[in-house]
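The residues making up each chain are set out below.
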Amino acid sequence: MEEEVIGVKNLSFKYEDKIILDNIDLKINEGDFVAFVGPNGSGKSTLLKLLVGSLKSRAGEVKILGKPIKGFKDWKRIGYVSQNVRSFNESFPATVGEIVGANLYSRMGFFKFLTKGLHKKVDEALELVDMIDYKDRLIGDLSGGQQQRVFIARTLVNEVEIIFLDEPLVGVDAKVQDSFYELLASLNRRLGLTIVMISHDINMISNKADKIVCFADKKIYTHRAEEFDYLDYLNVIKGNNSMVLPKHEHKGVN
Amino acid sequence: MVLEVFAYSFMQRAFLVGNIIAVICPLVGVFLVLKRLSLIGHTLSHIALAGVAFGMLVGIYPIYTALLFSVLSALGIEKLRKDYKDYAELSISIILAAGLGIATILISLGNNNSGIFSYLFGSISLVTREDIRIVIPLGIFIIGVITYYYQGFFYTAFNEEDAKLAGVPVYFLNLLFIILISITISLSMRIIGGLLVSSLITLPVATSMQIAKSFKQTILWSIIFSVLSLNIGLITSFYYDLAPGGTIIIVSVIFLILTISYKFVMRALRDNKGKYSNKEVGI
């Protein structure tokens, strides 16, 4: 049986008086590639933030890697690439290697320096995302897609088991997006990484993800990718720009 | 002739204190500039000036009161920065105004204009043994703290949110950092003077950022530029009887201009070369 890495039960969340998520359940297994889809404001980012502990809910239960999130300390095993990860100061004078290495903070010894072993981890992470040749380049000199790969490497350096991504490809062109999704899929296959990402990209949903979580009316519905009728989804988006998630029967809830 | 400079004991003291300051100013300056807080240095130096005036008035050694005033107001700035989250520069100008106001009143109460003058523009002949006793341990303290928390400060400067997730104690480091800046400024006032100290914190960093290829290089080059500026500035100040604050800062500005020109020329040469090689390909 596959091991459950994320378990959500009866979770509710509200901002002041506005209910965002109402009594939802979610189960994500080890090695799943999960896409969160839904209109803006439907609670995708909120759920992601609840899962990485940057938001806290009073009602319901969240378990990460088998442990309740309240006392969860093993954040090294979790990677999070936030929506505004690329909104850093482009002329920040730091190299790719320095930025990836900084994420090893909690593994550094008494003096916060990178040892030989830690340098090796940086190299390995950069190799995984095919960016080792850029190790000594300034981060600001890289393109958007390359920067995104560096930020993935920054999470991989800690040997993470789950990576959360919040719409990581806003403002990156379509061709680069494709190769980025290919990278995620290969990390998912090769390392057995669990990937949970928010995306509006139909191509990626149909090809790469194996579970799709739809957000609508404060609820969520989990589909297997093969059950998800993305043509229907596409047609509705074409007809109505304001509606990112079309009406469809939420069949195949697991 | 150059050796004459080192023969006087007051100059030896000035060089000793000056070089320690020349290391710690850009060291904290790199993080200050990258956190986009350059103006905090300027504000804290005005507060420190109020501290100096207070010390002179009540008869306490002015560097101590400068330290006390600037550390307390640094904590005030951190608090105001949270209260006016979207107007960070507002908190800085509030404290700046308050500091300068208090300094003006205390100076006019004190009637010791020549004394305050040396703290405004710096002085080489007035560096005392007392100054050395303060600057050496605190200088070592600052270098030690920055070395120890190097990665934490680096990550916090790059992105506070991500640093938090990586386990960096961001809140504590921000507090610690602003205390380090206020200590650095109070220590530097003797040589550089309150009006110009913030420039020694930011100018060498600005110069270094023009040529550095990594964060480590940024720190290294900014210390090199700062130490060079300080020593050339001090020697000039000695021979031409000028206030050292002015000469040190002008040398720093010259370094900045030279670096920008160098970069400009190199780029022009490279572009030119590129043009020719393209032509060759075209042929």
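Calculation criteria
For every chain, the first residue of its written sequence is number 1, and the numbers climb from 1 along that sequence. The lettering of chains begins at A and the numbering of ligands begins at 1, in the order of writing. Totals for whole chains, interfaces and linings use all residues, but because this is a predicted model, local features are given only for residues with pLDDT of at least 70 and pairs of side-chain atoms are given and counted only at 80 or more. Excluding hydrogens and water, the side-chain figures rest on all heavy atoms present in the structure. Every helix listed is a DSSP run of H or I at least four residues long, and every strand listed is a run of E at least two residues long, numbered separately from the N terminus. Categorising residues by exposure relies on relative accessible area from a 1.4 Å probe, with only protein chains included: less than 20% of the type maximum marks a residue as buried, more than 50% marks it as exposed, and the intermediate range marks it as partly exposed. Only heavy atoms enter the contact rule, under which two residues are in contact if any of them lie within 4.5 Å. Accessible surface is estimated by sampling points in the Shrake-Rupley manner with a 1.4 Å probe; for residues, cover comes only from the protein chains shown. Working convention for charge: Lys and Arg count positive, Asp and Glu count negative, and His plus the chain ends are omitted. Note that the charge is assigned to NZ on lysines, CZ on arginines, CG on aspartates and CD on glutamates. Scored from 0 to 100, pLDDT records how confident the predictor is in each individual residue. In short, buried area is how much 1.4 Å probe accessible area vanishes from two parts on joining, totalled over both. Put simply, a salt bridge is a Lys or Arg side-chain nitrogen that is within 4 Å of an Asp or Glu carboxyl oxygen. Pairing of N or O atoms within 3.5 Å defines a polar contact, subject to two protein rules: one partner must be a possible hydrogen donor and the other a possible acceptor, and residues neighboring in sequence count only if both atoms are side-chain atoms. Each residue gets one of three labels, nonpolar for Ala, Val, Leu, Ile, Met, Phe, Trp, Tyr, Cys and Pro, charged for Asp, Glu, Lys and Arg, and polar for the others, Gly among them. A helix is expected to span 1.5 Å multiplied by its residue count minus one. Each Phe, Tyr or Trp ring (for Trp, its six-membered ring) is paired with any other whose centre lies within 6.5 Å, and the angle between the two planes then decides the class: stacked below 30 degrees, edge-to-face above 60, tilted in between. Note on pairing: two strands pair once DSSP finds at least 2 bridges between them. Each patch is assembled from residues with relative accessible area greater than 30% and no salt bridge, linking like charges that lie within 9 Å and nonpolar side chains (Val, Leu, Ile, Met, Phe, Trp, Tyr) that lie within 5 Å.

### A look at the overall build of chain B
Along the backbone of chain B there are 13 helices and zero strands. Seen in sequence order, chain B has helices and strands lined up from the N terminus as α-α-α-α-α-α-α-α-α-α-α-α-α. For chain B, the spread of C-alpha atoms along the principal axes amounts to about 80 × 55 × 30 Å. When burial is assessed residue by residue, chain B has 52% of its 283 residues classed as buried. Within chain B, counting contacts between residues at least 6 apart in sequence, those at least 24 apart form 76% of the total. For chain B, the exposed area adds up to about 13100 Å²; of that, 69% sits on carbon and sulfur atoms. Taken as two groups, the 19 positive and 13 negative side-chain charges of chain B have centres that lie 6 Å from each other.

### Thoughts on the confidence of the model for chain A
On average, residues of chain A score 82 in pLDDT, and 85% of them reach the 70 mark or higher. The low-confidence segment residues 240-244 of chain A, where pLDDT is below 50, has six contacts with residues more than four positions distant or belonging to other chains.

### Here's the deal with the interface of chain A and chain B
Tallying the contact residues gives 27 residues for chain A and 25 residues for chain B. For the pairing of chain A and chain B, the buried interface totals around 2300 Å² over both sides, and the portion due to carbon and sulfur atoms is 64%. When the buried area of chain A at its contact with chain B is split by residue, Phe92, Pro93 and Tyr105 of chain A rank highest and sum to 29% of it. Across the chain A-chain B interface, the total number found is one salt bridge. Across the pair aspartate 162 of chain B and arginine 154 of chain A runs a salt bridge, and its minimum N-O distance is 2.5 Å. At the surface where chain A touches chain B, the tally comes to six residue pairs in polar contact (both at pLDDT 80 or more). Secondary-structure elements contributing two or more residues to the side of chain A that touches chain B are α2 (96-102) and α4 (144-156) of chain A. With three residues, the top contributor of residues to the side of chain A that touches chain B is α2 of chain A. Counted by class, the side of chain A that touches chain B contains 18 nonpolar, five polar and four charged residues.

### Structural notes on helix α4 (residues 62-83) of chain B
With 22 residues, α4 of chain B extends 31 Å between its outermost C-alpha atoms, agreeing within 8% with the 32 Å of an ideal straight helix rising 1.5 Å per residue. Of the surrounding secondary structure, the elements contacted by the buried residues of α4 of chain B are α3 (38-58), α5 (88-110), α6 (113-121), α7 (129-148) and α10 (170-192) of chain B.

### Things to note about the packing of aromatic side chains
Enumeration according to the criterion identifies 27 aromatic pairs over all chains in this entry. A ring pair is formed by phenylalanine 153 of chain B and phenylalanine 177 of chain B, whose centres lie 5.7 Å apart and whose planes are at 55°; its orientation type is tilted. Here the residue phenylalanine 153 of chain B occupies a position in helix α8 (residues 150-158), and phenylalanine 177 of chain B occupies one in helix α10, the gap between them amounting to 24 residues. Here phenylalanine 153 of chain B and phenylalanine 177 of chain B have matching classes, each one buried. Taken together, the ring pairs connect Phe92 and Phe151 of chain A together with Phe31, Tyr148, Tyr149, Tyr150, Phe153, Phe154, Phe158, Phe172, Phe177 and Phe215 of chain B into an aromatic cluster.

### Points about the pairing of strand β4 (residues 59-64) of chain A
Residue and element names in this part refer to chain A. As defined by bridge partners, strand β1 (residues 4-15) adjoins β4 across five bridges and the pair is classed as antiparallel. Note that in β4 the partner of serine 12 across the bridge is alanine 59. Counting the residues that bridge the hairpin from β4 to strand β5 (residues 67-68) gives two residues, and of these leucine 65 lies at a positive phi of roughly 50°.

### A closer look at the pairing of strand β9 (residues 211-216) of chain A
Residue and element names in this part refer to chain A. Among the six residues of β9, six are classified as buried, and the element is accordingly described as predominantly covered. With burial as the criterion, each face of β9 is covered, one bearing Lys211, Val213 and Phe215 and the other bearing Ile212, Cys214 and Ala216. Relative to β9, strand β3 (residues 33-37) runs parallel, the two sharing four bridges. Across the sheet, the residue bridging to valine 34 is lysine 211, located in β9. Looking at chain direction, β9 and strand β10 (residues 219-224) are connected through six bridges and run antiparallel. Bridge assignment links cysteine 214 to a residue of β10, and that residue is tyrosine 221.

### Topic: a nonpolar patch on the surface
Residues and elements named next belong to chain B. A surface patch of nonpolar side chains, about 630 Å² in accessible area, is lined by Phe54, Leu57, Val58, Ile60, Tyr64, Ile105 and Leu109. Elements supplying a minimum of two residues to the nonpolar patch: α3 and α5. The element that contributes the greatest number of residues to the nonpolar patch is α3, accounting for three residues. Tracing the backbone through its elements, the reader meets phenylalanine 54 in helix α3.

### Some thoughts on the side chain of glutamate 78 of chain B
Residues and elements named next belong to chain B. Relative to the elements of secondary structure, glutamate 78 occurs in helix α4. Taking relative accessible area as the criterion, glutamate 78 reaches 8% and is therefore assigned buried. Once residues lying within four places of it in the same chain are set aside, the contact partners of glutamate 78 are Asn174, Leu175 and Ile178.

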